[in-house]
Amino acid sequence: MKVKVMKFGGTSVASSEARAECGKRVISAKEQGYRPVAVVSAIGRKGAPYATDSLIKLLTDIDATVDPDARELDLMIACGEILSASIFAHTLKTMGHSSMSFRGGQAGIRTDGVYGNARIKDIDPRAVLKALNANCIPVICGFQGTYQTPDKLPGAELTTLGRGGSDTTAAAIGAALKPYADEVIVEIFTDVDGVKTADPDCVKNAPTLRKVTYDEVAEIAHLGAKVVHPRAAEIAMQFDIPLWVKNTFSDDVGTEIVPVERFPGRRVTGVTHTGKLVYLQFDLTSAPEADRAFLESTLFGLMAQNSLNLYMLILSPSGTGFAVPRAQFPIVMGILNGLVIPTGSGTLYLLQVGNEASREVETQAALMRPLGMTRRITAELTEGCSMVSLVGHEYMQQPGVYLDVLEALYKAQIPVLQTCDSEYSLSCLVPESEANRAVRELHDRFDLAKTV
Amino acid sequence: MDQHTKFEKPRGVSAISIRHGYAQAHLSGWGKDRAAKRLETVRAITDAKISVDFVKLTPSGMSFLVPDAQSEALQGVLDRLGDHFSIRRPCSMVIAHAVNIRDEEGLVARIMKAAIDGGFLVQHISDMHDRALLVVDTAEAEQLAAHIEAELREATHES
């Protein structure tokens, strides 16, 4: 049995015409001798009636001041994929092919119990195999699974897989079917021709890469390329499954993702950008050496305690710093601005976020004045930042790459607030308003328009 | 046939590794036009064929790592530039590996806190999507790795 798992994203299933196009691709795979398995996302993108954000709004509209529980959110947003799968299965039936839709749990996908960001633990593919053996096309809801609670209550809990969940579903289903098939291919259908050297909204002439390694695609996906999720690439790599990214609406051959043994990778793969971040730099020069470690530990401890995600860390003799997602910034502000940190030395430190003291900070300062031994720590605040990354293949270790990046951005008068790098990438934190221009500058500097 | 297949990597820190053989440079005292000064410095280092890693920008300069074998050459370059600098060597990098570490709520901060609370003098830190890096004197590296492993294992058991 040859199996082709075909994942269709939100735009690919957004209208009856688009779904018919997807249906033709599924039927074509069947005619070529494959047993197709479809995995679908929720219908449409942001704002569409059954898209994830619209479903969440049904809950938040009840009372905007009360956050819905993660469990309820999962149950609600999973409806988007359930609708989509049922509609697509019926579409296939109207096109003359037997089809059955499956919720994630019905397809045997078992996850851990983290609502909203669950990870797949195992898959029991018997129901999917039964459908395939009956010459029926399974249509599986992407992005979801079930969690069996320790007390084994009936029905299990519905969980969602977080960002890129439908890609992850497709790769995992491919891996689960591999022991029963002679060949398994996973195809991710989207609205662009494949993996590109940059976001085409940003760089119009960004070429499509015909072949990339799993490592390359995982790196660019982690750093912002939205075309395939890194978890999917990692599963495909682990189980050695051929992975393709294709355009639902064009006949372009797409991008093949292969192991490094089949393709050596290229000097620079692409330029990505991601994130709406806020950057904070804490000036600890007012603190004597004896208090420094305690202050740093307190800052990181508070971030850990409040489950905040940190990026672009720095620790230097003058202080420490990090970026946080903009969505988490109000929490950071609430914790840190006006925070009083007493130390063993008897000094009280008052934390001020931003160059101008808020009323809270001034009130605290006035209350602390009679106590003496108070010092103020200011965190320089840069709101509206993005991370722009150059992704390559060990080339990043060569002397001169960092210079080329800095020089290109300096000449374009784009400020670089912070950097971080690995064997495969070099990321710069830049003002969000300059992120697209930074991507274009680096794309030009490294001549990526000529990449194939 | 076993019909269950193990899939994604588990959450949290999956491994801790150590890389030896680095020197850490810290440059400071730069004035207002830091971007130009940064470029001039990086150009001089590049011209000397020295590979810089894990560059961090500070409010008055920058910090980075070079292979320890190139620390003398770096010293020569920085002497010529006339900057205020220090080079600390030998240094080692302790790397905590965790898939999607930046999406694992609070994990990066937990690693940093564990290192600082352990009494280690962390010279330099960095992060990528799958790892957090801490640079310490080579003599402390093994201890730091063991400490992070123990602390995070305990934290995982607690949660």
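Residues numbered from 1 in each chain as written. Chains lettered and ligands numbered in written order. Predicted model: local features only at pLDDT ≥ 70, side-chain atom pairs only at ≥ 80, totals over all residues. Heavy atoms only, no water.

K.L.:
Describe the overall build of chain A, naming the residues involved and giving the relevant values.
P.N.:
Helix and strand counts for chain A stand at twelve helices and 20 strands. Compactness check: chain A gives a C-alpha radius of gyration of 25 Å against a globular reference of 22 Å for 452 residues, within 12% of the reference. In terms of overall dimensions, chain A has C-alpha extents of about 80 × 55 × 35 Å along its principal axes. Restricting the contact set of chain A to residue pairs at least 6 apart, pairs at least 24 apart contribute 72%. As displayed, chain A offers around 18200 Å² of accessible surface, 52% of which is attributable to carbon and sulfur atoms. Charged side chains in chain A number 44 positive and 52 negative. The centres of these two groups are separated by 5 Å. (Helix = DSSP H or I, 4+ residues; strand = E, 2+ residues; numbered from the N terminus. Rg over C-alpha atoms; globule rule 2.2 N^0.38 Å. Contact = heavy atoms within 4.5 Å. Areas by Shrake-Rupley, 256 points an atom, 1.4 Å probe, with all protein chains shown as cover. Lys, Arg positive; Asp, Glu negative; His and termini not counted. Charge placed at Lys NZ, Arg CZ, Asp CG, Glu CD.)

K.L.:
Lay out the packing of aromatic side chains with the relevant residues and their values.
P.N.:
Residues and elements named next belong to chain A. In this structure the tally under the stated criterion is four aromatic pairs over all chains. The interplanar angle of 55° and the centroid separation of 5.7 Å between the aromatic rings of F8 and F88 together place this pair among those described as tilted. In this pair, F8 is assigned in strand β1 (residues 2-8) and F88 in helix α3 (residues 70-94), connecting sequence segments 80 residues apart. In this pair, the class of F8 matches that of F88, namely buried. Here F282 and F322 contribute two aromatic rings whose centre-to-centre distance is 5.4 Å and whose plane-to-plane angle is 50°, an arrangement assigned as tilted. Of this pair, F282 sits in strand β13 (residues 268-283) while F322 sits in strand β15 (residues 319-325), placing them 40 residues apart in sequence. Directly above the aromatic system of Y34 lies the positively charged group of K4, at a separation of 4.5 Å from the ring centroid. Positioned over the ring face of W244 is K246, at 5.1 Å from the centre of the ring. (Phe/Tyr/Trp six-rings, centres within 6.5 Å; stacked < 30°, edge-to-face > 60°. Buried < 20%, exposed > 50% of the residue type's maximum accessible area, 1.4 Å probe, protein only. Lys NZ or Arg CZ within 6 Å of the ring centre and 35° of its normal.)

K.L.:
Can you lay out empty space enclosed by the protein for me, pointing to particular residues and giving the numbers?
P.N.:
All names here are of chain A. Following the criterion strictly, the structure yields two cavities of 30 Å³ or more and no others. Roughly 40 Å³ of volume is contained in the second largest cavity. Contributing to the lining of the second largest cavity are K30, R35, P36, L132, N135, C136 and I137. Partitioning the lining of the second largest cavity into residue classes produces four nonpolar, one polar and two charged. (1 Å grid on protein atoms, 1.4 Å probe; cavity = no way out; pocket = protein on both sides within 12 Å on 5 of 7 lines; lining within 4 Å. Points joined across faces, edges and corners; volume = space filled by probe spheres on them. Nonpolar A, V, L, I, M, F, W, Y, C, P; charged D, E, K, R; others polar.)

K.L.:
Describe the interface of chain B and chain A, and please don't skip the residues or the numbers.
P.N.:
With 55 residues of chain B at the contact, the number on the chain A side is 66 residues. Overall, the association of chain B and chain A removes approximately 5500 Å² of surface from exposure, summing both partners, and the carbon and sulfur fraction of that is 55%. Run the count over chain B and chain A and you get three salt bridges. Among the ionic pairs, A:E407 bridges to B:R43, the shortest N-O distance being 2.4 Å. Taken together, the connections running from chain B to chain A amount to 18 residue pairs in polar contact (both at pLDDT 80 or more). (Buried area = accessible area lost by both parts, 1.4 Å probe. Salt bridge = Lys/Arg side-chain N within 4 Å of Asp/Glu carboxyl O. Polar contact = N/O pair within 3.5 Å; in protein donor to acceptor, adjacent residues only side chain to side chain.)

K.L.:
I'd love a proper account of unusual backbone geometry, names of residues and values included.
P.N.:
At the junction of B:R89 and B:P90, the peptide bond is cis and its omega measures out at -10° in the coordinates. Take B:P90: it is sitting in strand β4 (residues 84-97). Unusually for a residue other than glycine, A:Q413 sits at a positive phi of about 55°. Inspection of the secondary structure puts A:Q413 in the loop between α11 (401-411) and β19 (418-421).

K.L.:
So what about the sheet that holds strand β1 (residues 15-28) of chain B? Which residues, and what values?
P.N.:
All names here are of chain B. Read from one edge to the other, the open sheet built from six strands follows the order β2-β3-β1-β4-β6-β5, with strand pairing classed as antiparallel. At either end of the open sheet lies a strand with only one pairing partner, and these are β2 (53-58) and β5 (124-128). This sheet shows a mean twist of 30° between the axes of neighbouring strands, independent of strand direction. By the bridge criterion, seven bridges tie β4 to strand β6 (residues 131-137) in an arrangement that is antiparallel. What sits directly across from H97, in β6, is R131. In the packing of helix α2 (residues 71-81) onto the sheet, the strands contacted are β1, β3 (61-67) and β4, and the crossing angle to β4 comes to about 135°. (Pairing = 2+ DSSP bridges. Axes fitted to C-alpha atoms, helices over the stretch in contact; angles between N-to-C directions.)

K.L.:
Quick rundown of the domain arrangement of chain B? Include the residues and the values.
P.N.:
All names here are of chain B. Splitting chain B by domain gives domain 1 (13-19 + 91-158) and domain 2 (23-90). Domain 1 and domain 2 are separated by 25 Å when their C-alpha centres are compared. Counting from both sides, the interface comprises 13 residues of domain 1 and, opposite them, nine residues of domain 2. When the two sides are added together, the surface that domain 1 and domain 2 hide from each other amounts to roughly 930 Å², 59% of it contributed by carbon and sulfur. Considering only the side of domain 1, the residues that lose the most area to domain 2 are C91, Q123 and H124, jointly responsible for 52% of the buried surface there. Remark: the boundary between domain 1 and domain 2 carries one salt bridge. Here R88 makes a salt bridge to D137, at a shortest N to O gap of 2.9 Å. Our count for the contact surface shared by domain 1 and domain 2 stands at three residue pairs in polar contact (both at pLDDT 80 or more). Looking at the side of domain 1 that touches domain 2, the elements that each hand over two or more residues are β4, β5 and β6. (Domains from an automatic or database assignment.)

K.L.:
Please give an account of the nonpolar core that cites residues and values.
P.N.:
A:I173, A:V228 and B:F7 are the most contacted members of the largest nonpolar core, which has 61 residues in total. If one sorts the elements of this core by residue count, helix α5 (residues 165-177) of chain A sits on top with seven residues. In terms of domain composition, this core takes at least three residues from each of domain 1 (2-262) and domain 2 (265-452) of chain A. Dropping the residues within four chain positions of it, A:V228 is found in contact with A:D167, A:I188, A:V217, A:A221, A:L243, A:V245 and A:I257. If you look at the next biggest cluster of nonpolar residues, it comprises 50 residues, including A:L310, A:L313, A:L351 and B:A109. (Core = buried A, V, L, I, M, F, W, Y, C linked by side-chain atoms within 4.5 Å.)

K.L.:
An account of helix α4 (residues 126-133) of chain A is needed here, citing residue identities and associated values.
P.N.:
All names here are of chain A. Along α4, the residues that are buried comprise V128, L129, A131 and L132. End-on, the buried residues of α4 take up no more than an arc of 160°, which puts them together on one face. The outward face of α4, more than 90 degrees from its buried face, is lined by the exposed residues R126, K130 and N133. Phi for N135, located one or two positions after α4, is positive at around 60°. (Arc of directions from axis to C-beta.)

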